[in-house]
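# Chains, contacts and geometry: an overview
Each chain, letter by letter, is given below.
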Amino acid sequence: MLPEEPLDAVTEQEVEQMESEGAPAPEPTAELPLEESKQWFIIHTYSGFERKVSESLRTRAEAFGFADKLGQILIPEEEVVELRNGKKVTSKRLLYPGYVVVQMDMDDEMWHQVKETPRVTGFVGGGQTPVPLSADEINKMLYRQTTSAERPRPKMNFEKNETVRIIEGPFANFQGKVDEINPERNTLRVLVTIFGRATPVELDFLQVEKAG
């Protein structure tokens, strides 16, 4: 069960909402082997402390002797591309802020050790019997992370009725208002005034910038 993807942060109420992606899943990568004796679990953390939680888990595993029960720790990321001062800049963004995916041999000891890790608020799945991810779910997560590295996704930062300037294509230098946003296709429909009439133009996110 994967957490529903947020735009900026994840609330407690969203923990129970799970996403189901239709992309085909590849085999596990060499970097993240799926050990038969270990399962993947999602833990909920304070947003912004995902990497600190990962480091703390490793440190505690060595200090308290449960390193053999701890496998890979994954903080899912995607690459996004945006315009900064007219230039395309690629950066990384967390797919699920406030969540860390951990591979482990789950038992009472591990449940307590993870729960007692600083800045961890609990497991996704609830109670003392958290639900592990299926192989298909973890593969979809890895697939999404891999494909985003190959084809960075435009970072959406536009709002309906916002005024934008077109910077590429036949309508370059025209200004218009955002009429519709399609995050699935990474496109905008912008109303541009041509010969005194508002004309809808479909544009890629990277073909426009905020006006002003």
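Since this is a predicted model, take the numbers as computed values, not measurements.

## Observations concerning the nonpolar core
Within soluble globular proteins, side chains that are nonpolar tend to cluster in buried spots. Counting residues in hydrophobic clusters, the biggest one holds 17 residues, and the most contacted among them are I43, L57, V102, M104, V114 and F123. Elements represented by at least two residues in this core include exactly strand 3 (39-45), helix 1 (50-64), strand 4 (70-74), strand 7 (99-104), helix 2 (108-115) and strand 8 (120-123). Setting aside residues up to four positions removed in sequence, V114 forms contacts with I43, L57, M104, V120 and F123.

## Notes on the sheet that holds strand 8
Pairing in this open sheet of four strands is antiparallel, and the strands run 4-7-3-8 from one edge to the other. A single partner strand is all that each edge strand has here, and the edge strands are strand 4 and strand 8. The mean inter-strand angle of the sheet, taken between neighbouring strand axes irrespective of direction, is 30°. The pairing of strand 3 with strand 7 spans six bridges and is antiparallel. Opposite H44, over in strand 7, you have Y99 as the bridge partner. Packing of helix 1 onto the sheet brings it into contact with strand 3, strand 4, strand 7 and strand 8, and relative to strand 4 it is tilted by some 170°. Lying on the sheet, helix 2 is in contact with strand 3, strand 4, strand 7 and strand 8; it crosses strand 8 at an angle near 150°.

## Quick word on helix 1
With 15 residues, helix 1 extends 21 Å between its outermost C-alpha atoms, agreeing within 8% with the 21 Å of an ideal straight helix rising 1.5 Å per residue. For helix 1, the set of buried residues is E50, V53, S54, S56, L57, R60 and A61. The buried residues of helix 1 occupy an angular sector of 165° when the element is viewed end-on, so they sit on one face. Opposite its buried face, helix 1 presents the exposed residues T59, E62 and A63, each directed more than 90 degrees away. On its buried face, helix 1 sits against strand 3, strand 4, strand 6 (87-94), strand 7, helix 2 and strand 8. Downstream of helix 1 by a residue or two, G65 has a phi angle that is positive, lying close to 75°.

## Looking at the pairing of strand 10 (residues 163-166)
In regular strands, side chains alternate between the two faces of the sheet. Only one face of strand 10 is buried, namely the one carrying V164 and I166, since none of T163 and R165 on the opposite face is buried. Inspection of the sheet shows strand 10 paired to strand 11 (residues 175-182) by three bridges, in the antiparallel sense. Bridged to T163 within strand 11 is K177. Direction of pairing for strand 10 relative to strand 14 (residues 208-210): antiparallel, over a ladder of three bridges. Across the sheet, I166 pairs through a bridge with V208, a residue of strand 14.

## Looking at the environment of D204
Note on placement: D204 falls in strand 13 (residues 197-204). For the pair D204 and R185, spaced 19 residues apart in sequence, the C-alpha to C-alpha distance is 8.3 Å. Beyond its immediate chain neighbours, meaning those up to four positions away, D204 contacts N186 and T187.

Each value, and the rule that gives it
Residues numbered from 1 in each chain as written. Predicted model: local features only at pLDDT ≥ 70, side-chain atom pairs only at ≥ 80, totals over all residues. Heavy atoms only, no water. Core = buried A, V, L, I, M, F, W, Y, C linked by side-chain atoms within 4.5 Å. Buried < 20%, exposed > 50% of the residue type's maximum accessible area, 1.4 Å probe, protein only. Helix = DSSP H or I, 4+ residues; strand = E, 2+ residues; numbered from the N terminus. Contact = heavy atoms within 4.5 Å. Pairing = 2+ DSSP bridges. Axes fitted to C-alpha atoms, helices over the stretch in contact; angles between N-to-C directions. Expected span 1.5 Å × (residues − 1). Arc of directions from axis to C-beta.

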